[in-house]
Amino acid sequence: MASIALRDLTFTYPPSDPGAGSLSGVGSLGKAALSHVSVTIPDGTFVTLYGENGSGKTTLASMVRRLGYCVYDVDGWVRRLYFKKDFIRVIGKHFPQVIEDEKVNKRALRNIVFNDNARLKELEGLIHPFLRQYLKKVIHRQARGDGLFFLDVALLFEMGWDIYCDCIIVANVDYETQKMRVMKRDGITGEDFDKINDIQMSNRDKIALADVVIDTGRPQNQVFTDLISIIDGLEC
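These numbers were taken from a predicted model, which means no experiment stands behind them.

Cut-offs used in this document
Residues numbered from 1 in each chain as written. Predicted model: local features only at pLDDT ≥ 70, side-chain atom pairs only at ≥ 80, totals over all residues. Heavy atoms only, no water. Pairing = 2+ DSSP bridges. Helix = DSSP H or I, 4+ residues; strand = E, 2+ residues; numbered from the N terminus. Axes fitted to C-alpha atoms, helices over the stretch in contact; angles between N-to-C directions. Salt bridge = Lys/Arg side-chain N within 4 Å of Asp/Glu carboxyl O. Buried < 20%, exposed > 50% of the residue type's maximum accessible area, 1.4 Å probe, protein only. pLDDT = per-residue confidence, 0-100. Contact = heavy atoms within 4.5 Å. Parallel < 35°, antiparallel > 145°, perpendicular 65-115°, else oblique. Left-handed = near helix turned anticlockwise from the far one by under 90°. Nonpolar A, V, L, I, M, F, W, Y, C, P; charged D, E, K, R; others polar. 1 Å grid on protein atoms, 1.4 Å probe; cavity = no way out; pocket = protein on both sides within 12 Å on 5 of 7 lines; lining within 4 Å. Points joined across faces, edges and corners; volume = space filled by probe spheres on them. Phe/Tyr/Trp six-rings, centres within 6.5 Å; stacked < 30°, edge-to-face > 60°.

J.: How do you make sense of the sheet that holds strand β3 (residues 45-50) when you look at a structure like this?
T.: To summarise the sheet geometry, strands pair through backbone hydrogen bonds and adopt either a parallel or an antiparallel arrangement. What the five strands build is an open sheet, ordered β4-β7-β3-β8-β9; its pairing is parallel. Edge positions in the sheet fall to β4 (71-73) and β9 (212-215), since each of these pairs with one other strand and no more. Between one strand and the next, the sheet's axes are offset by a mean angle of 25°, whatever the strand orientation. Judged from the three bridges that link them, β4 and strand β7 (residues 148-153) form a sheet pairing that is parallel. Bridging across to β7, Y72 finds its partner in L151.

J.: Would you mind showing me how to read the pattern of salt bridges here?
T.: Oppositely charged side chains can form a pair if their charged atoms are brought close together. Enumeration over the complete set of coordinates arrives at eight salt bridges. Where D73 meets R79, a salt bridge forms, and the shortest distance between an N and an O atom there is 3.3 Å. For R79, a relative accessible area of 46% puts it in the partly exposed group. The residue D194 makes a salt bridge to K179 at a minimum N-O spacing of 3.3 Å.

J.: Explain the confidence of the model for the protein chain to me, please; I cannot follow it from the model alone.
T.: Detailed reading of the predicted coordinates is not advisable wherever pLDDT falls low. In the predicted model, the protein chain carries a mean pLDDT of 81, and the fraction of residues at 70 or more is 80%. Of the regions scoring below 50 in pLDDT, residues 1-6 engages in 18 contacts with residues more than four places distant in sequence or in other chains. In this model, residues 9-42 is a region of pLDDT below 50 whose contacts with residues beyond four sequence positions or in other chains number 50 contacts.

J.: So what exactly am I meant to see when it comes to unusual backbone geometry here?
T.: Excluding glycine, a negative phi dihedral is what most residues carry, and trans is how most peptide bonds are arranged. In this structure, D101 takes a positive phi of about 55° despite not being glycine. Among the structural elements, D101 can be located in the loop between β5 (99-100) and β6 (103-104). The backbone of E102 sits at a positive phi, close to 65°, despite the residue not being glycine. Taking relative accessible area as the criterion, E102 reaches 70% and is therefore assigned exposed.

J.: It is not clear to me how the packing of helix α3 (residues 85-94) against helix α5 (residues 117-142) should be interpreted in this structure. Could you clarify?
T.: The packing of two helices is summarised by the inter-axis angle and the distance between the axes. Close contact between α3 and α5 brings their axes to 11 Å; oriented N to C, the two are set at 155°. One element, α3, and the other, α5, form an angle in the roughly antiparallel class. Crossing of α3 against α5: the hand is right-handed. Facing D86, F87, V90, I91 and H94 of α3, the residues of α5 in contact are R119, E122, L123, L126, I127 and F130. Its residues assigned to classes, the contact of α3 with α5 comprises seven nonpolar, one polar and three charged.

J.: Would you take a moment to explain the layout of surface pockets for this structure?
T.: The rolling of a water-molecule-sized probe over the atoms marks out the regions of remaining empty space. Looking at the largest pocket, its volume works out to about 1400 Å³. Lining the largest pocket are 40 residues, with N53, D75, V78, F114 and Q200 sitting closest to its centre. Listing elements by their share of the lining of the largest pocket, those giving two or more residues are α1 (57-66), α2 (74-81), α4 (106-113), α5 and α6 (175-186). At seven residues, α5 tops the list of elements feeding residues into the lining of the largest pocket. Along the lines of polarity and charge, the residues of the lining of the largest pocket split into 18 nonpolar, nine polar and 13 charged.

J.: Before we go on, may I ask you to explain the packing of aromatic side chains in this structure?
T.: Each aromatic ring pair is specified by the distance between its two centres and by the angle formed by the two planes. According to the stated counting rule, one finds ten aromatic pairs in the structure shown. Ring plane angle 65° and centroid distance 5.6 Å describe the contact between Y69 and F150, whose orientation is recorded as edge-to-face. With a gap of 81 residues between them, Y69 in the loop between α1 and β4 and F150 in strand β7 connect regions that are remote in the sequence. Both residues of the pair, Y69 and F150, belong to the buried class. Ring centres of W77 and Y134 lie 5.5 Å apart, and the angle between their planes is 50°; on these two criteria the pair is classed as tilted. Note that W77 is positioned in helix α2 and Y134 in helix α5, a separation of 57 residues in sequence.

Here it is, written out as structure tokens:
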């Protein structure tokens, strides 16, 4: 995608006869519409890998990296936050009981928010502004290039980040496979999985908003072949 740049643009409407194209009926006296405006629409195609917990989006992200593309991992950004002093201070103001030795006890925090949806939303509201700062840096950095770059994110629409996306790829798999993946990976019970899943945007809604849907329940070589075809299409 090529960039479009405007530099020091000025435009003035020509004078008009009374009543001609004027809502006031008194005409225009050559009013300036733009004065020394500069704007750049950045290069780069922003592709999002999106899906529920256990849907296979991280597997898709790994495949994209194997193809040599840059993938930004939003879950990684979140993990990094818990080592940043300014974020820890914010958590301490809202969840003082989870701060131990100037660190966040993530297990204690999880026990609080997963049993109280209102408190989970509160936590997300604390995290999202920090993540938005990372996103702005990424967009600024990628504006220097004209290739594809990818974002692996679980809460795309919930954070309002879809407005930045050129293409949304949703990873999809049947519910039972998804559930077994998460239970095995995270060592949680089926009840805990259902509790987490029930408060997220449904996969049906995500699929309805997607540009492309990839079934990750198939053999990985088939998924990989489909992904290559999709990326080839994006690069045309």
